[in-house]
Amino acid sequence: MFFLSAVILFPLLGGLALLFFPREQVRAIRMTALGLALIELLLVLGLDLAYLQNSVSLFSSSFLHESWRWFPDLGINYSLGMDGISLVLVSLTALLTAICIGASFRIESKVKNYMAFMLLFESGMLGVFLASNLFLFYIFWEVMLIPAYFLLGTWGGERRIYAAFKFVIYTSVGSFLMLVGIIAIGYYHQLAAVAAGGTSCGYTLELSQLLNTSATCHGVLDGTTQLWLLLAFAAAFAVKVPLIPFHSWLPDAYSEAPAPVTALLAGAMSKTGVYGFLRLCIPLFPQAIHTLAPYINVLAVVGILYCAVLALMQTDLKRLLGYSSISHLGVIMLGLFSFTAQGMTGSVLQMVNHGITTAVLFLIAGFLEYRTGTRRLQDYGGLAARIPWLAVMMFIAALSSLGLPGLNSFTGEFLSLLGAFRANVTLGVLGTLVVVPAAWYMLRFFIGLMWGVPATEGAVSANLRKGGIRDLSLGELGVIIPLIILIFYIGVQPAVLTGIIDPSVANTMQVLSSAFVK
Amino acid sequence: MTNLSLWVLLLPLLGFIILGLAGRFMPRTAILAVGWGACGLAFLCAAISFFSMLATPAAQRTSDQVVYHWISAGTFSLDFGLLLDPLSMTMLLVVTGVGLLIHIYSAGYMADDPSFWRFFAYLNFFIFAMVMLVIANNFLFLLVGWGLVGLASYLLIGFWYQRRSAVAAAQKAFVINVIGDFGLMLAIFLIFQGAGRLDYAGVLTHTFPAATATAIALLLFVACAAKSAQLPLYMWLPDAMEGPTPVSALIHAATMVTAGVYLVARAYPLFEQSPAALAVVAGIGGATALFAATIALFQLDIKRVLAYSTISQLGYMFMAEGVHNYSAGIFHLVTHAFFKALLFLGAGAVIHALAGEQDMRKMGGLWGRLRVTGLTFLIASLAISGIIPFAGFWSKDEILGSVLAYGNQTGNVWYYILWAIGILTAGMTAFYMFRLFFGIFAGDYRGASVAVNDNTNGDVEEQEAAAAGHHHAGPVRYNSIHDVAPVMSIPLIILAILSVIGGFIGSMALFGLPNWSPLANFLPAAMHNHAAEGSLTLEWISTGLSLLAGVLGIGMAWRLYGKGFAFKQNSNPLYQLVFHKYYVDEILNAVLIIPVLALSRTLSRYLEGDVLDGGSRGISTLFRGTSTFMRRVQTGYMRNYALGILLGVVVIIVYYAVRG
Amino acid sequence: MPLSAYLIMSALLFTIGVIGVLIRRNPLIIFMSIELMLNAVNLSFVALSHFLDSADGQMFVFLVLTVAAAEVVVGLALIVSIYRRRHNIDVDEMNIMRG
């Protein structure tokens, strides 16, 4: 009965427990944090097994569903639920957190706080993926923001304060609009339910009640109300994804945050935005989402191509990866808003794939920055001979990112774009076109770092002369290898994931189509 | 039927994995054991399957085997499966067979390279990818193979990754090939939209609406044009010569670049549904054949001559497919694989003997030193020039014959022109091949004596290459030039034999043996029975003219270069245009690449930097400014606040008093 | 006496208190002025209570008196401690919180 709560709260409590460690026991703190993250990963694996054995849907009252009264008068309950979509994202988050904590052993200052924030961050994200009450969703949404702010602002690079402020302000503007939307949706839903004949219908923020079309207290919001509410929700999610033109925080945040944090931001946190669209916006506002979808699709396509072109000439490696990340998330959005089974399944699949691939890329960028002290592409060159394993790992990740057939990202992007193409040929073609600049900038990235002749001046060559650039250490290898294996495994056998995702997507699509039958 | 196709696929993969993970620590013999072993066993498996297939009745020669369930999403569901039929069988034999010979040759060619293991790992990977491409039973795994061979090609072009030119060439090859992947992806989307499935068995029997069929066929052809270096996407192939020469032989001549020809042959039912698309295929094929041949006429780098020649020959194959004679295209693919691989390997032997020299101006007179190489090179040159009875004669003849017959049947004047282009190109082919042959082997050795004053861009690249520590260690004295070791000469000899007899698998109808046509009979009848049947007279006209063109070309080359090659400056603008490859690279650079990069830089600086980042900073400045102003109100003096309260109260009271 | 006389008296006292708070700089005087304002209010409470014949107003007066006493205690304590720290109790000098 407490399984989902345990999954969410374990990292939070673990992080709190970590605070009681003596400050100077750095090694113990690191190992404990990693241990906690690994135990959490085991818990999530248990969750996977449990789900696979009793395939449940979002609101079925099974042991993978919890509901405790909290402020029932305000429609606020502590209720959790899950389906296949939540499952894969929860698994991704737990995996990436464990890996990013493992990759954070080089953090030297305030290790205790860092680790506690990482675990808190994990709790926030897991909560977002599992909450099935709007208010609870909002709470976890904000819980996620706080550790992200501190991780970025305390342990980041030179311009960390600027980046952290920008990040928080962008996200909170979105979040507050969402809060307004949440308060309003309960109100309007109640009005609509009463108007529809329910005499004593209360104010509710419970997702299951808002969506339950068969109940007496179900009101159908009219189109205009839906649209305004949707815009309020979409504001929060569009910033988080991000959709252009709400992406300006991202290059700064991604390039200034320490690499493991960036890996977690790009790998897991950006998925909460897409998840919000999928879990809340689409089922709650089925009519309005159809009105808005073309605009979102256009923004997604523009973002895909615009950011791919931008990535071509970036000079900072993390910034380049940041733009590439926005571009790929555009593909995910395009797939999602195609409203076809292929596009939506592909979009969820691609969320997992993008999380894995982008995490590897950012971690490797971090390894390189640690070795050379610079992120400027011009300083690099010809490192493959010196650090072959690092080069190989980076190459695999780069190939995955550019969508090489046979690796993980291809499966997701293919399905997403197939769906997009079926929904709208023009957008599908334009979205697919991204493979060309993507190959171009990813290869330029790889070649600029690893191939060619070593740079003769700058930080890298100074380090090279001192012999200070070494290949992957065992620890780094241990961090990267699980993700590399997944890159291959999902590429070869995506059916394992699509088998989980597809039925849940079908349920979502049913909500979407039943709204239209009415 | 014994079907070992899965092993053909997996053995090279296994070889790649072993070499990739452990090759660094393995001795040379172990590397060769794995590398050769993987490819050799794959060839053996292919051969066993082939003979087993020959023993089966023609109707049961297709085997479609599902390996595992790959993905499902809504109505989209796909299995990974292997399709072994005569077409993929032919390709498998060519890929693993020529691949094996080149694996053997490479042991000698790459013997001094410190990354010996890496080379064989990549070669094995390429064989795996290419087998995947030809053996997949659906379009999606075709795309997987399509992408993976592109990757293999990228890795091998950029094998010497410290050479700037090699790196640039690798990147260019990959990106242009991705344009092809883009076309293939869109074609797949359309196919799924129309047929609801992607496996060949379902798609190729499906009838699409005419417009869709044309769109699919054209998009497939975009992919073919990129992979097989047809206009306008051919630019990467000449640059791809930066890779080690065995790679040029295997990937950029014999196998990978023919993937486009294979795809058209594989998807011929789709092309049959769209006459317009087929006309495009034929037209592009003919145009490319002529265009590339003209460039090859004046090139100085021996590998570039061969590269343009490859592009031109691929054009022939598409020409054949464009007139419905798919099996003739495949036939030329097979014979071309023999003689072009041989030409490249021969060129490689020359380059090896001259310690990395590729410039024809610094060769000459090598007939005396490189006897085996010279002889095999001569055979291959005769074969590609279409001289009877070498392999190229039969296949080229069949193509030209069916183009003429098709023109005759449809009465469409464009096909006569296409045929004339084919004949013209045949003559040019003979000319540039023998220019090359005489340039390398005839006359006196020009290597040690002169520093040729050239103004082409070759020199800069070579200096860089020399700086990077590979390639071209400076001129070699004539007497110290040695012919290649047996490990390299044996593949040359085998390929030479195949270049002589390889053509006999084609049709002998010309010589009164109408039933002798093993290859065409082996391939499905539908792959050639849509082709036009010309009368024997027509065939003889075509054959005679193409032979004549070939002989004329050789004769001209003999007159000009028989005594040795001499480079003369020529300021004729037409010559300059062709000599500089029609300035295509420069134009592309100016029209596409520089603008895109400039756009990226501009957007990055102004839109991202000034507008968006600046905008958010502007908003924050606005707030800060407002608050700087507002904070003055917060004096910190109690009495000011109290006064404020008082005034507020007064205002409220006055308001209510006035309102009553 | 009519009610208005009480109320005018109360308003006058209140105004004197306000002016005292606003213009004096010695916190002790300010406190006395605040007391004056409170008592002005008390006066009107009592007057209205009598006039309306209701005990509610007188109840409030007691409440105000108690609160005022408590407030004076806290306030004087603050003043004493500020004096001990700074040897000066001019309110205009107490501006370290100024933005």
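Fair warning: this is a prediction, and the values are worked out from it, not measured in the lab.

S.K.: Could you give an account of the overall build of chain C, with specific residues and numbers?
M.R.: Check the secondary structure of chain C and you find 3 helices and 0 strands. Secondary structure elements of chain C occur, N-terminal to C-terminal, as α-α-α. The C-alpha atoms of chain C give a radius of gyration of 17 Å, which is well past the 13 Å a tight globule of 99 residues would have. Overall size of chain C, expressed as C-alpha extent along the three principal axes, is 50 × 25 × 25 Å.

S.K.: Can you break down the overall build of chain A residue by residue, with the values?
M.R.: The number of helices and strands found in chain A is 20 helices and 2 strands. On C-alpha atoms alone, chain A measures out to a radius of gyration of 22 Å, which is about the 24 Å that the 2.2 N^0.38 rule sets for 518 residues. Principal-axis analysis of the C-alpha atoms places the extent of chain A at approximately 80 × 55 × 45 Å. For chain A, with 518 residues in total, the buried portion stands at 63%. Pairs at least 24 residues apart make up 80% of the contacts formed inside chain A by residues separated by at least 6 positions.

S.K.: Give a detailed account of the nonpolar core, specifying residues and quantitative values.
M.R.: In terms of nonpolar packing, the biggest core is built from 437 residues, with B:Leu220 and B:Ala341 touching the most fellow members. The contact partners of B:Leu220, leaving out residues within four places of it in the chain, are B:Leu184, B:Ala187, B:Leu263, B:Ala267 and B:Leu270. Formed by 6 residues, the second largest nonpolar core is a distinct cluster that contains C:Val18, C:Met37, C:Leu38 and C:Ala40.

S.K.: I'd love a proper account of the environment of A:Tyr370, names of residues and values included.
M.R.: Residue and element names in this part refer to chain A. Assignment of secondary structure puts Tyr370 in helix α13 (residues 341-372). Owing to 12 C-beta atoms within 10 Å, Tyr370 belongs among the exposed residues under this scheme. Separated by 73 residues in the primary sequence, Tyr370 and Asn297 have C-alpha atoms spaced 38 Å apart.

S.K.: So what's going on with unusual backbone geometry? Which residues, and what values?
M.R.: Put simply, A:Val241 and A:Pro242 share a cis peptide bond, and its omega is -10 degrees. You can see A:Pro242 is positioned in the loop between α8 (223-240) and α9 (249-256). Residue B:Pro389 is bonded to the preceding B:Ile388 through a cis peptide linkage, with omega at 5 degrees. Here B:Pro389 shows up in the loop between α16 (371-384) and α17 (391-410). For B:Ala355, which is not a glycine, the phi torsion comes out positive at approximately 55 degrees. Secondary-structure assignment places B:Ala355 in the loop between α15 (326-353) and α16. The backbone phi angle of C:Asp53 is positive, close to 60 degrees, even though this residue is not glycine. Relative to the helices and strands, C:Asp53 resides in the loop between α2 (27-52) and α3 (56-86).

S.K.: An account of the UniProt feature "transmembrane region" (unreviewed entry) in chain C is requested, with residue identities and associated values reported.
M.R.: Residue and element names in this part refer to chain C. As annotated by UniProt and renumbered to match this structure, "transmembrane region" (unreviewed entry) occupies residues 6-23, 28-48 and 60-83. Across residues 28-48, the secondary structure splits into 100% helix and 0% strand, with the terminal C-alpha atoms separated by 30 Å. Counted over residues 60-83, helix gives 100% and strand 0%. Its end C-alpha atoms are 34 Å apart.

S.K.: Run through the packing of helix α4 (residues 116-135) of chain B against helix α5 (residues 139-157) of chain B, naming residues and quoting values.
M.R.: Residues and elements named next belong to chain B. For the pair α4 and α5, interaxial distance at closest approach is 7 Å and the crossing angle is 155 degrees. By the criterion of interaxial angle, the relationship of α4 to α5 is roughly antiparallel. Note on packing geometry: the crossing formed by α4 with α5 is left-handed. Between α4 and α5, the contacting residues are Tyr122, Phe125, Phe126, Ala129, Met130, Met132 and Leu133 on the first element and Phe141, Leu142, Val144, Gly145, Trp146, Leu148, Val149, Ala152, Leu155 and Leu156 on the second. A breakdown of the residues in the contact of α4 with α5 according to their chemical character gives 16 nonpolar, 1 polar and no charged.

S.K.: Summarise the packing of helix α14 (residues 302-322) of chain B against helix α18 (residues 413-441) of chain B; cite the residues concerned and give the values.
M.R.: All names here are of chain B. The N-to-C vectors of α14 and α18 enclose an angle of 160 degrees; their axes lie 11 Å apart at closest approach. With respect to their mutual orientation, α14 and α18 come out roughly antiparallel. In this structure, the crossing between α14 and α18 has a hand that is left-handed. When α14 is examined against α18, the residues Ile302, Val305, Ser309, Ser312, Tyr316 and Met319 are found in contact with a partner set consisting of Leu418, Gly422, Thr425, Thr429, Tyr432, Met433, Leu436 and Ile440. Counted by class, the contact of α14 with α18 contains 9 nonpolar, 5 polar and no charged residues.

S.K.: I'd like a rundown of the arrangement of the chains, residues and numbers included.
M.R.: Counting contacts across all 2 pairs of chains that touch, the top pair turns out to be chains A and B. No part of chain A reaches chain C; the closest C-alpha pair between them is 22 Å apart.

S.K.: Before we move on, could you go through the pairing of strand β1 (residues 66-71) of chain A and cite the residues and values that matter?
M.R.: Residue and element names in this part refer to chain A. Among the 6 residues that make up β1, 0 are buried, leaving the element largely open to the surroundings. In the sheet, β1 pairs with strand β2 (residues 76-80) via 5 bridges, with the strands oriented antiparallel. Counterpart to Trp68 in the pairing with β2 is Tyr78. Connecting β1 to the antiparallel partner β2 that follows it, the hairpin turn spans 4 residues, and Gly75 within it adopts a positive phi of roughly 75 degrees.

S.K.: Describe helix α4 (residues 111-130) of chain A, listing the residues and the values that go with them.
M.R.: The end-to-end C-alpha separation of α4(A) is 29 Å, in line with the 28 Å expected for 20 residues at 1.5 Å each. For α4(A), the tally of buried residues reaches 20 of 20 residues, placing the bulk of the element in the interior.

Definitions and limits used
- Residues numbered from 1 in each chain as written.
- Chains lettered and ligands numbered in written order.
- Predicted model: local features only at pLDDT ≥ 70, side-chain atom pairs only at ≥ 80, totals over all residues.
- Helix = DSSP H or I, 4+ residues; strand = E, 2+ residues; numbered from the N terminus.
- Rg over C-alpha atoms; globule rule 2.2 N^0.38 Å.
- Buried ≥ 20, exposed ≤ 12 C-beta atoms within 10 Å, placed from the backbone.
- Contact = placed C-beta atoms within 7 Å.
- Core = buried A, V, L, I, M, F, W, Y, C linked by C-beta atoms within 7 Å.
- UniProt positions renumbered as here; feature names shortened; annotations may be inferred.
- Axes fitted to C-alpha atoms, helices over the stretch in contact; angles between N-to-C directions.
- Parallel < 35°, antiparallel > 145°, perpendicular 65-115°, else oblique.
- Left-handed = near helix turned anticlockwise from the far one by under 90°.
- Nonpolar A, V, L, I, M, F, W, Y, C, P; charged D, E, K, R; others polar.
- Pairing = 2+ DSSP bridges.
- Expected span 1.5 Å × (residues − 1).

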